[in-house]
Amino acid sequence: MSQPATRLNSFDVTRVREDFPILHQTVHGHPLVYLDNGATSHKPRAVIDAVSHYYSADNSNVHRGVHALSERATVAYEGARGKVARLVNAGSSREVVFVRGTTEAINLVAASHVRPRITEGDEIVVSHMEHHSNIVPWQLLCKATGARLRVIPVTDAGELDMDAYADLLGPRTRFVSVVHVSNALGTINPVRRIVEMAHAVGAQVMLDGAQAAPHLTVDVQAIGCDFYAFSGHKIYGPTGIGVLWARPELLSGMEPYQGGGEMIRAVSFEETTYAEVPHKFEAGTPNIAGAIGLGAAIDYLDALGLEAVAAHEDDLLRYATEAVSQVPGLRIHGNARDKAGILSFVVDGIHAHDIGTILDRRGVAVRAGHHCAMPLMQRFSVAATARASFALYNTREEVDALVGALLHARELFDR
Ligand code: PMP
């Protein structure tokens, strides 16, 4: 069944795996098969080295010192911003705000952009497949302002119901915030269309790109959205660093998110003026090492070629979708026409957490739970699913190991 892992000419996965030190270990006596990349992905040596180099050679605070180390740190930190800008095809690096991650980016937009502009009876649209980080900030905002949260339904296949979305949009719609790629289903949402439809009623759109940035080429200008967020740690970069991209004219008009050093031009007790964007939104000493590591991750992806990476992951997803059908009683949740890198499933008679534990004993790491998407689990009437999520270093042989471990779990429960 399995073909050589190096089958894709343009992408040598065996060589790629050499770049990831963590992969070369055994777990419970089995080679590690890491299929929990939706939660966080591993870091190539280039990223680990970039962070280590920063601390060993350049460590200093940014934007302040006139000394050599501070200048080097600032150049590296701002260089990383430029790399992010190119990754998402931003008009300029001034449109890129460094944040802790997707969660912080969404909270920032809710607090600094939407909250001051919304009044009772206005509507915010999210979808039924959102991660909690794209639900709770809007709920908090609705609670505080009297705005109303509207929810785009999800079809049985795990796609957004676009007719229902059209019906939800209206003169009261102020803001739409939806996920680009679902972390629980793998669905790639039709974001250009979503944006066009929202703009047609005068609403602005934020996209949660946490699961999209690692798998797809993201072009914020082609998509036409107003805000885009993703997390560094899911795209082979460090934890604690993420990105908010926003249209420059929107960023300029936004209230500061947090106050402190770095985000000001001049402070007196009578009046404070703020730094230019994006620094206005980066109060305090930023995650300098994180940004530099993220820049290195982007360089690494660039060198491999995002298209080759996407083709490899598509191949794995297709292969795995077919291969898991050998497991009696296994049902996939999320059968959208357009999917990326994620296989969510339940197995009749075996709780998802038991699947997770049994697989772990075989060295196979998957996620089991509600995937921070409880409303979606309710929609599909399941408490939890098991989720295998693929990254560029995964192989068909690892999919075979997953299937072998699932068949083993089936056997244990059928005894
Ligand atoms: N949105 C989606 C779709 C996600 O998958 C995640 C992470 N699981 C988040 C948002 C939150 O990302 P972070 O925890 O890095 O802020």
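Just so you know, the residues in each chain are numbered from 1, in the order the chain's sequence is written. Whole-chain, interface and lining totals are the exception, using all residues; otherwise, since this is a predicted model, local features are given only for residues with pLDDT of at least 70 and side-chain atom pairs are given and counted only at 80 or more. As a rule here, side-chain values cover all heavy atoms of the structure and leave hydrogens and water aside.

An account of the overall build of the protein is needed here, citing residue identities and associated values.
The way it works is that DSSP assigns letters per residue, a run of H or I at least four long becomes a helix, a run of E at least two long becomes a strand, and they are numbered from the N terminus. Check the secondary structure of the protein and you find 14 helices and 17 strands. Two things to know: the radius of gyration comes from C-alpha atoms, and the globule rule equals 2.2 Å times the number of residues to the power 0.38. Taking 2.2 N^0.38 as the reference for a compact globule, 415 residues should give roughly 22 Å; the C-alpha atoms of the protein span a radius of gyration of 22 Å, in line with that estimate. Projected onto its principal axes, the C-alpha positions of the protein cover 75 × 55 × 35 Å. Burial classes follow relative accessibility: with a 1.4 Å probe on protein chains only, a residue under 20% of its type's maximum area counts as buried, one over 50% as exposed, and anything between as partly exposed. Within the protein, buried positions represent 56% of all 415 residues. In the form shown here, the protein has an accessible surface area of approximately 17,000 Å², with 51% of it arising from carbon and sulfur atoms. Only four residue types enter the tally: Lys and Arg on the positive side, Asp and Glu on the negative side, with His and both chain ends excluded. Every charge is mapped onto a representative atom, which is NZ of Lys, CZ of Arg, CG of Asp or CD of Glu. Charge separation in the protein, taken as the distance between the mean sites of 37 positive and 46 negative side-chain charges, equals 3 Å. The accessible surface values rely on the Shrake-Rupley method and a 1.4 Å probe; as for residues, cover is taken only from the protein chains in view.

Residues and numbers for the nonpolar core, please.
In this structure, Val176, Tyr228 and Leu392 are the most contacted members of the largest nonpolar core, which totals 83 residues. It is helix H10 (residues 288-304) that provides the largest number of residues to this core, a total of eleven residues. Inspection of this core shows a minimum of three residues originating in each of domain 1 (49-302) and domain 2 (305-414). Contacts are assigned to residue pairs with any non-hydrogen atoms lying within 4.5 Å of each other. Ignoring sequence-local partners within four residues, the contact set of Val176 consists of Val125, Tyr165, Leu169, Ile194, Ala198, Ala203, Gln204, Val205 and Met206. By size, the runner-up hydrophobic cluster in this structure holds 29 residues, among which are Leu35, Ala323, Phe390 and Leu406. By nonpolar core is meant a set of buried Ala, Val, Leu, Ile, Met, Phe, Trp, Tyr and Cys residues that side-chain atoms within 4.5 Å join together. For the purposes of this description, domain bounds are those given by an automatic or database domain assignment.

Mind laying out helix H14 (residues 396-414), listing which residues take part and the relevant values?
An ideal rise of 1.5 Å per residue puts 27 Å on 19 residues; H14 measures up with 27 Å between its terminal C-alpha atoms. Within H14 the residues assigned to the buried category are Arg396, Glu398, Val399, Leu402, Val403, Ala405, Leu406, Ala409 and Arg410. The length a helix should cover is 1.5 Å for every residue beyond the first.

Give me the lowdown on the site of the ligand, citing residues and values where you can.
Around the ligand, a shell composed of 13 residues is seen, among which Thr103, Asp208, Gln211, Ser231 and Lys234 lie nearest. Definition of a polar contact: a pair of N or O atoms within 3.5 Å, with one able to donate and the other able to accept a hydrogen when the atoms are protein atoms, and with sequence-neighbouring residues admitted only if both atoms are side-chain atoms. One of the side-chain N or O atoms of His233 is found 2.8 Å from an oxygen atom in the ligand. Take Lys234: an N or O atom from its side chain is 2.7 Å from a nitrogen atom of the ligand. Contact with the protein chains hides 86% of the accessible area of the ligand, taken as 390 Å² for the molecule alone. Nearness is defined per residue: one heavy atom within 4 Å of the molecule or strand is enough.

An account of the sheet that holds strand S7 (residues 173-179) is needed here, citing residue identities and associated values.
A pair of strands is labelled paired if DSSP reports no fewer than 2 bridges between them. The strand order S4-S10-S9-S8-S7-S5-S6 describes an open sheet built from seven strands, whose pairing is mixed. Whereas interior strands pair on both sides, the edge strands pair on one side only; in this sheet they are strand S4 (96-99) and strand S6 (148-152). The mean angle between the axes of side-by-side strands here comes to 20 degrees, regardless of whether they run parallel or antiparallel. Relative to strand S10 (residues 242-246), strand S9 (residues 227-231) runs antiparallel, the two being bridged by five bridges. Bridging from a neighbouring strand, Phe227 pairs with Ala246 of S10. Axes here mean lines fitted to C-alpha atoms, for a helix over just the part in contact, with angles spanning 0 to 180 degrees between N-to-C directions.

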